[in-house]
Amino acid sequence: MSDAATAPELGYSKSEIMIAASARQLVSVTNCFVGVGLPNIVCNLAQRTVSPDLQLVYESGVFGARPERLPLSIGDPTLATGATAITSMFELFAYYLQAGLIDAAFLGAAQIDRFGNINTTVIGAYANPKVRLPGSGGACEIAINARQVMVIMRQGTRSFVDRIDFRTSPGHSGDPAHDAARGWWGSGPTSVVTDLGTYAFDDATGEMTLRTVHPGVSVEQVRESMGWEPRVAEDLGETAAPSDEELRLIREELDPLGVYTK
Amino acid sequence: MAADKVATMHDAVATLVRDGDSVSIEGFTHLICFAAGHEIIRQGRRDLTLCRLTPDVIYDQMVAAGVARKLVFSWVGNPGVGSLHAIRRRIEHEDPAPLEIEEYSHFGMVCRYVAGAANLPFFPIRSYYESDIPSVNQNIRPMRSPFDDGTEVYVVPPLQPDVAIVHAQRADASGDAQIWGLLGCQKEAAFAAKRVIVVCEELVEESVIRRDPNRTAIPGVVVDAVVEEPFACHPSFAQGYYDRDNAFYLKWDEIARESDTLQAWLDEWVLGTSNHGEYVEMMGAAHWDGLRPEPALSGEVDYGRYA
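Residues numbered from 1 in each chain as written. Chains lettered and ligands numbered in written order. Predicted model: local features only at pLDDT ≥ 70, side-chain atom pairs only at ≥ 80, totals over all residues.

Participant: Can you help me understand the overall build of chain A in this one?
Facilitator: Counting secondary structure elements, chain A contains eight helices and 14 strands. Taking 262 residues into account, the globule formula puts the C-alpha radius of gyration at 18 Å, and chain A, at 18 Å, falls close to it. With the C-alpha coordinates aligned to their principal axes, the bounding extent of chain A is approximately 45 × 45 × 40 Å. Within chain A, buried positions represent 56% of all 262 residues. When contacts within chain A are restricted to residue pairs at least 6 apart in sequence, long-range pairs at least 24 apart make up 65% of them. (Helix = DSSP H or I, 4+ residues; strand = E, 2+ residues; numbered from the N terminus. Rg over C-alpha atoms; globule rule 2.2 N^0.38 Å. Buried ≥ 20, exposed ≤ 12 C-beta atoms within 10 Å, placed from the backbone. Contact = placed C-beta atoms within 7 Å.)

Structure follows, in structure tokens:
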């Protein structure tokens, strides 16, 4: 079943609403660290909508990218041409990220738990993995040093798990006093956007909390697509559908071949 | 008169890359010298420890060809596409043999090169807190600042590979190399390594380098051999010379899924060619024309003449 076919009456795909809902979170963000895959199109959409002055930062050493085409990976020549600055990777991680200059970052995850701890390393035991995943890349230091961490991923019982197999990037500990004393620029993810809804993290417990469900999605569906009983916000709402302009930008300008949205 | 270090890829690899060496073919998505990896495969090197932040398709090819015993890395995937199947087969199924791994995060790997280049015993960073990565790599250790605040940091050890192979857009005969676009860790890897091969798109006169010294990433003083090898980074890219061949990265995902199709590809494109020039010719002129970008010139700065 294709992604678009899951909700034909809505006129957009699950990927498209994920992208649009994520991009809207970047309003008032100045610098955003962009990851591989979906975050690439999210940040490029935000730059064309809610956050025109957004500086796109790539771990490949680019600050203030103005890509003329959708980058094919986080290292693409279109990121270099016309950028504000190209730095060594040391400078990017040390002077920009570690020094606290990065307002927001997007991370993906193969597994996430209720506190936003992220696994991108292995499924199964480390020494004898069932699936070897790519590993940290810059994710571990991004999770610790970006001021806000936003997660974008598809949701299911294999990805939203009670216990992750490996903690690549730390999230909330479950003890807010501990989190506040860490002294990191960030301290666990601030939001999660999936194909079913959007989540924030509870101030008192650090636990992931369902804030909105996407149009046509029930809380029951969300419950069935995760490995723990989710905390649900008292004022649970519905995610705003992607606007015509957001859909036009995604389909005509940003991803005409459907690389990220099919 | 500066030394002339110009060599063929065959001779540079034959002289400078030895069985059992640790080898860094660096370049973060950009300037990854595939041609050097292919030559190492042709010459049948064995038991190499391959180091790179992102092993990329080139290390998948080298691991499949049996040159490597160990991988040191921070992100093992096909960028923008998915998995590296030959490496996964070795790690998940020991097929056809086990592959030792040692993994870091990007910042950890970058700082290993920085420590190696700066002759430091370790480098401190604010990463790895409450992560499981240090529990599977004893080379990542916590340390308290010796100064008053006692901040906890994690430290990583220096990486000084036996050989670094770095690609540059242009270099002169003594190895002074200039790079623009994504810089990756080319400079840090070259300064950290015991032996250095610079590969370039164009060999230029020393005067070209001297006209724009800010652009020199690697000085010839740390370089052992210089190889002129156009299109050496394919399917990776060289800013201003050719684009990333994304279709190839996607195709590699299919080729590498089965070891038979992967070996057939190596037989045809690497072992079936005697050098990178033949690979370029086999790919055909139209293919290279399709990867050439429109120009976007930087303009010039005035250094001034102070005679």
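Having seen the model, we can carry on.
Participant: Which parts of the structure should I look at to understand the sheet that holds strand 5 (residues 123–125) of chain B?
Facilitator: Picture the strands of a sheet paired through backbone hydrogen bonds; they go either parallel or antiparallel. Residues and elements named next belong to chain B. Spatial ordering of the open sheet is given by 5-7-6, a layout of three strands whose pairing is antiparallel. One side of each edge strand has no neighbouring strand; the edge strands of this open sheet are strand 5 and strand 6 (141–144). The mean angle between the axes of side-by-side strands here comes to 45 degrees, regardless of whether they run parallel or antiparallel. In this structure, strand 5 lies alongside strand 7 (residues 152–156), joined through three bridges in antiparallel fashion. (Pairing = 2+ DSSP bridges. Axes fitted to C-alpha atoms, helices over the stretch in contact; angles between N-to-C directions.)

Participant: What exactly am I supposed to notice about the nonpolar core here?
Facilitator: Burial of nonpolar side chains together is a common tendency in soluble globular proteins. In this structure, Cys32(A), Ile197(B) and Val198(B) are the most contacted members of the largest nonpolar core, which totals 173 residues. The biggest single contributor to this core is helix 5 (residues 106–118) of chain B, with eight residues. Apart from residues no more than four positions distant in its own chain, Cys32(A) is found in contact with Leu26(A), Cys43(A), Leu54(A), Leu56(A), Val57(A), Asp103(A), Ala104(A) and Ala105(A). (Core = buried A, V, L, I, M, F, W, Y, C linked by C-beta atoms within 7 Å.)

Participant: Honestly, the pairing of strand 8 (residues 163–171) of chain B in this entry has me stumped. Any pointers?
Facilitator: One face of the sheet, then the other: side chains in a regular strand alternate in exactly this way. Residue and element names in this part refer to chain B. Burial within strand 8 is extensive, with eight of its nine residues counted as buried. Sheet topology places strand 1 (residues 22–25) next to strand 8; three bridges connect them, and they run parallel. Bridging across to strand 8, Ile25 finds its partner in Ile165. Note: strand 8 against strand 10 (residues 195–203), eight bridges, orientation parallel. When the bridges of strand 10 are listed, Arg170 appears paired with Glu202.

Participant: Honestly, the interface of chain A and chain B in this entry has me stumped. Any pointers?
Facilitator: Of the residues lining the interface, 35 residues belong to chain A; the matching set on chain B comes to 41 residues. Elements with a contribution of two residues or more to the side of chain A that touches chain B: helix 3 (77–80), helix 4 (89–98), strand 9 (128–132) and helix 5 (139–145) of chain A. Its residues placed into classes, the side of chain A that touches chain B shows 16 nonpolar, 14 polar and five charged. (Nonpolar A, V, L, I, M, F, W, Y, C, P; charged D, E, K, R; others polar.)

Participant: I would appreciate a short explanation of the packing of helix 2 (residues 34–42) of chain B against helix 3 (residues 56–64) of chain B in the present structure.
Facilitator: All names here are of chain B. Here helix 2 crosses helix 3 at 0 degrees, and the two axes come no closer than 10 Å. Between helix 2 and helix 3, the angle is such that the two are roughly parallel. Only Ile58, Gln61 and Met62 of helix 3 make contact with helix 2, whose side of the interface consists of Phe34, Gly37, Ile40 and Ile41. When its residues are assigned to classes, the contact of helix 2 with helix 3 shows five nonpolar, two polar and no charged. (Parallel < 35°, antiparallel > 145°, perpendicular 65-115°, else oblique.)

Participant: Can you help me understand helix 1 (residues 14–24) of chain A in this one?
Facilitator: In an α-helix, one turn spans 3.6 residues, which is why side chains three or four residues apart end up on the same side. Residues and elements named next belong to chain A. A large share of helix 1 lies buried, amounting to 11 of its 11 residues. Listed as buried for helix 1 are Lys14, Ser15, Glu16, Ile17, Met18, Ile19, Ala20, Ala21, Ser22, Ala23 and Arg24. Tucked inside the fold, the buried residues of helix 1 contact helix 2 (38–48), strand 10 (148–152), strand 11 (191–193), strand 12 (197–201) and helix 8 (244–254).

Participant: Just checking my understanding: could you explain the sheet that holds strand 14 (residues 231–238) of chain A for this structure?
Facilitator: Residues and elements named next belong to chain A. One open sheet holds the 10 strands; their spatial order is 4-3-2-1-5-10-11-12-13-14, and the pairing between them is mixed. The sheet terminates laterally at strand 4 (85–86) and strand 14, the two strands that pair on one side only. Summarising the sheet, strand 12 and strand 13 (residues 208–213) pair through five bridges and their orientation is antiparallel. The residue bridging Tyr199 from the neighbouring strand is Leu210, located in strand 13. The strands touched by helix 2 within the sheet are strand 1 (31–34), strand 2 (55–58), strand 5 (104–107) and strand 10, with strand 1 carrying the most contacts at an inclination of about 155 degrees.

Participant: How do you make sense of unusual backbone geometry when you look at a structure like this?
Facilitator: Residue and element names in this part refer to chain B. Here the bond from Asp95 into Pro96 is cis, since omega is 0 degrees, no more than 30 degrees from zero. As for its position among the elements, Pro96 is in the loop between helix 4 (85–93) and strand 4 (100–103). The peptide bond linking His234 to Pro235 adopts the cis configuration, its omega dihedral lying at 10 degrees. When you line up the elements, Pro235 lands in the loop between strand 12 (225–228) and helix 9 (246–255).

Take it as geometry only, folks, not as evidence of what the structure does.
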